[in-house]
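# Survey of secondary and tertiary structure
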Amino acid sequence: MDRSDQYVLERQVGFVMRRAVQRHIAIFSALIPEMTPTQFAALAKLCELGQASQNELGRLTSMDVATIKGVVDRLRARSLITSAPLESDKRRLMLTPTRKGRALYRKYAPQAAEVTRQTLAPLNDDERRQLLQLLERLI
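I will try to describe carefully the structure that is included in this document. For clarity, every value in this text was computed on a predicted model and none was experimentally measured.

### So, the sheet that holds strand β3 (residues 89–97)
Strand order in the open sheet made by the 3 strands is β1-β3-β2, with antiparallel pairing throughout. Whereas interior strands pair on both sides, the edge strands pair on one side only; in this sheet they are β1 (52–53) and β2 (81–86). Judged from the 6 bridges that link them, β2 and β3 form a sheet pairing that is antiparallel. Pairing of T82 across the sheet is with T96, part of β3. Packed onto the sheet, helix α4 (residues 65–77) meets β2 and β3 and runs at close to 120 degrees relative to β2.

### Digging into the layout of surface pockets
By volume, the largest pocket is sized at about 1200 Å³. If you trace the largest pocket, you find 29 residues lining it, with V21, H24, T119, L132 and L135 closest to the centre. Counting only elements with at least two residues in the lining of the largest pocket, the list comes to α1 (13–31), α2 (37–49), α5 (99–119) and α6 (125–138). Top contributing element to the lining of the largest pocket by residue count: α1, with 8 residues.

### Brief notes about the pattern of salt bridges
Considering all chains together, one arrives at 8 salt bridges under this definition. The residue K107 makes a salt bridge to E34 at a minimum N-O spacing of 3.2 Å. One end of the pair, K107, is in helix α5; the other, E34, is in the loop between α1 and α2, with 73 residues separating them in the sequence. Here D125 ties to R128 by a salt bridge, and the two come within 2.6 Å at their closest N and O atoms. Taken together, the positions of D125 and R128, both in helix α6 and 3 residues apart, correspond to about one turn of that helix. Judged by relative accessible area, which is 47%, D125 ranks as partly exposed. What makes R128 partly exposed here is its relative accessible area of 24%. Connected via shared salt-bridge partners are E34, R78 and K107.

What counts as what
- Residues numbered from 1 in each chain as written.
- Predicted model: local features only at pLDDT ≥ 70, side-chain atom pairs only at ≥ 80, totals over all residues.
- Heavy atoms only, no water.
- Pairing = 2+ DSSP bridges.
- Helix = DSSP H or I, 4+ residues; strand = E, 2+ residues; numbered from the N terminus.
- Contact = heavy atoms within 4.5 Å.
- Axes fitted to C-alpha atoms, helices over the stretch in contact; angles between N-to-C directions.
- 1 Å grid on protein atoms, 1.4 Å probe; cavity = no way out; pocket = protein on both sides within 12 Å on 5 of 7 lines; lining within 4 Å.
- Points joined across faces, edges and corners; volume = space filled by probe spheres on them.
- Salt bridge = Lys/Arg side-chain N within 4 Å of Asp/Glu carboxyl O.
- Buried < 20%, exposed > 50% of the residue type's maximum accessible area, 1.4 Å probe, protein only.

This is the structure in structure tokens:
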């Protein structure tokens, strides 16, 4: 058997994880059509914190600089967040959810939990816990 026989795409972790993420995004899009998963994640984290710098929000939501900038720009364009320079350091952009942003987050938080429930539905409770624990060990 040559080495090419050892590589089967459908058995590769990246392929399987990508398929699972695609399924998760399809469920998310059906339940929360007004936002992308990254937009919801940023808004949810910002609502949790109350305020954060753009850089901090990117780190906390695992988004690179370019991605968080685009997400923030779209949330700001929809009046879901505001941004202002930090008084003590004008280079730092501080983000705050608006009343409209907090209301949209509250509206969709139950659906976001349902996205997780539906994504993990094929698994029993023990398998769900185990999967999440194993995935956390990879990061």
